[in-house]
Amino acid sequence: MQSPIHVTSEIGKLKTVMLHRPGHEIENVYPDILHRMLVDDIPYLPIAQEEHDYFAKTLKDQGIEVLYFAKLAAEALADDQVKNEFLEKMLAESGHAAGAVHDALKEYLLSMDTQAMVDKIIAGVRKDEIHTKFVSLAEMAEDADYPFFMDPMPNAYFTRDPQASIGDGITINHMTFKARQRESLFTEYIIKHNPRFANKGVHVWRDRYHDTRIEGGDELVLSDHVFAIGISQRTSADAIMDIARNLFKDSNYDTVVAIHIPHNHAMMHLDTVFTMINYDQFTVHPQILDGGKIDTYILHPGKDGEVEIQHRTDLQKVLEEVLDKPEIDLIPTGNGDPIVAPREQWNDGSNTLTIAPGEVVTYDRNYVSNDLLRKHGILVHEVRSSELSRGRGGPRCMSCPIVREDLKN
Ligand SMILES: NC(=[NH2+])NCCC[C@H](N)C(=O)O
């Protein structure tokens, strides 16, 4: 049986992708919680939605099937028992395992139809939306000024991160910060209960019930046997060892390239500084390379289920070796200029979504990087980015490939 998930490269023709159209969660962000919500500013929702619709249309116009995360989630919860079980978990992970607030939230959420319930959970539930007679001491004494019973999920439109498709399977991620951890509970239910995915042989390479952290922005499928991953603010070395062991044991993957990037907010994931755009072409933010060097580790299966590790520093050579290419073209964000490069990287100039070999979707604002890509022979589809970019993610972050065509060679 053909798995409903099939991604054996970063660049094979994109057939099906999962997006999330930003909703009211964006309007539940206010200055006091910006930092904790992992955003630097508040997008203006109507324009963010217009921009997102334009992004979706750009993909559809290329014949790509667009699935929506919240719709898949609602479909997964069609059965009352499944919905109840999901809600209990979601409430517990939102800090309400039992008690009066739990009961009131549950009653409130169950009073809605399933799609409205899913949208509401993503948007967040304010305290003034529900009525409880009994509140806890913590609620009265410690949290009285806090407006939410359930926090909004303003990063839900970055569908790249809660999960990642690899081969015929998926990782369902234990994400780093509380602000995003509940997002992957939706993924778990989509894979287990949405008819498109349920009982269709989707291999879960790693589920979300782990202590070590991993996010999809760090996970890059370079080929049908080479997987690259960032050692970053969001993905730890221990999680990488775990996923490497699982892939080596059960899949076609025999090489994991782990790249150590700076641990900061501007470069939170590998895909904010490095993406694959063609068989032998990549974009890279020049600031992560120190004279072309960066700490890189090549992992291979060793004896008795162990993992062999080699330390390297020349990224270009590593890529030539693992992809078996005579030459790799590393295209610098912002043409390597000391001001333009960090400026365009900040607004995701390195975060390209490749929709076919040599064909990408990028933000229009990064015009220096876009012109350079064209000079290197890449076909660039630009999308609008004034509001979407305020969430600190670009076209690759906003998309989760579900099916790509296999590469011919
Ligand atoms: N794949 C990515 N680079 N995603 C970007 C996510 C941005 C989001 N504000 C976060 O901090 O989580």
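Just so we're clear, the structure is a prediction, and the values are computed from it rather than from any experiment. (Residues numbered from 1 in each chain as written. Predicted model: local features only at pLDDT ≥ 70, side-chain atom pairs only at ≥ 80, totals over all residues. Heavy atoms only, no water.)

A. Inspection of the environment of N347 at higher detail. The residue N347 is located in the loop between α11 (340-346) and β16 (353-356) in this model. Along the sequence, N347 and M18 sit 329 residues apart, while their C-alpha atoms lie 22 Å from each other. (Helix = DSSP H or I, 4+ residues; strand = E, 2+ residues; numbered from the N terminus.)

B. Quick look at the side chain of T176. Among the structural elements, T176 can be located in the loop between β6 (169-172) and α7 (178-181). From its side chain, T176 meets the backbone oxygen of R234 in a polar contact 3.0 Å long. In contact with T176, other than residues within four places in its own chain, are Q181, R213, E215, Q233 and R234. (Polar contact = N/O pair within 3.5 Å; in protein donor to acceptor, adjacent residues only side chain to side chain. Contact = heavy atoms within 4.5 Å.)

C. Layout of helix α3 (residues 80-93). Here α3 is 14 residues long and its end C-alpha atoms lie 20 Å apart, about the 20 Å a rise of 1.5 Å per residue gives. Listed as buried for α3 are V82, K83, F86, L87, M90 and L91. Along the long axis of α3, the arc covered by the buried residues comes to 160°, so they all point the same way. Elements that come into contact with the buried residues of α3 comprise α2 (69-76), α4 (100-110), α5 (114-123), β4 (148-150) and α8 (183-193). A distance of 3.0 Å separates the backbone nitrogen of Q81 from a side-chain oxygen at the start of α3, and that oxygen is part of D79. One or two residues past the end of α3 sits G95, with phi positive at roughly 95°. (Expected span 1.5 Å × (residues − 1). Buried < 20%, exposed > 50% of the residue type's maximum accessible area, 1.4 Å probe, protein only. Arc of directions from axis to C-beta.)

D. Structural context of the site of the ligand. Neighbouring the ligand are 15 residues; L38, N155, R234, D271 and C397 lie closest to it. One of the side-chain nitrogen or oxygen atoms of H269 is found 3.0 Å away from a nitrogen atom of the ligand. Compared with its free state, where it exposes 350 Å², the ligand has 100% of that area covered by protein. Considering only residue class, the shell around the ligand consists of four nonpolar, five polar and six charged. (Near = heavy atom within 4 Å. Areas by Shrake-Rupley, 256 points an atom, 1.4 Å probe, with all protein chains shown as cover. Nonpolar A, V, L, I, M, F, W, Y, C, P; charged D, E, K, R; others polar.)

On their own, these measurements won't tell you what the molecule is for.
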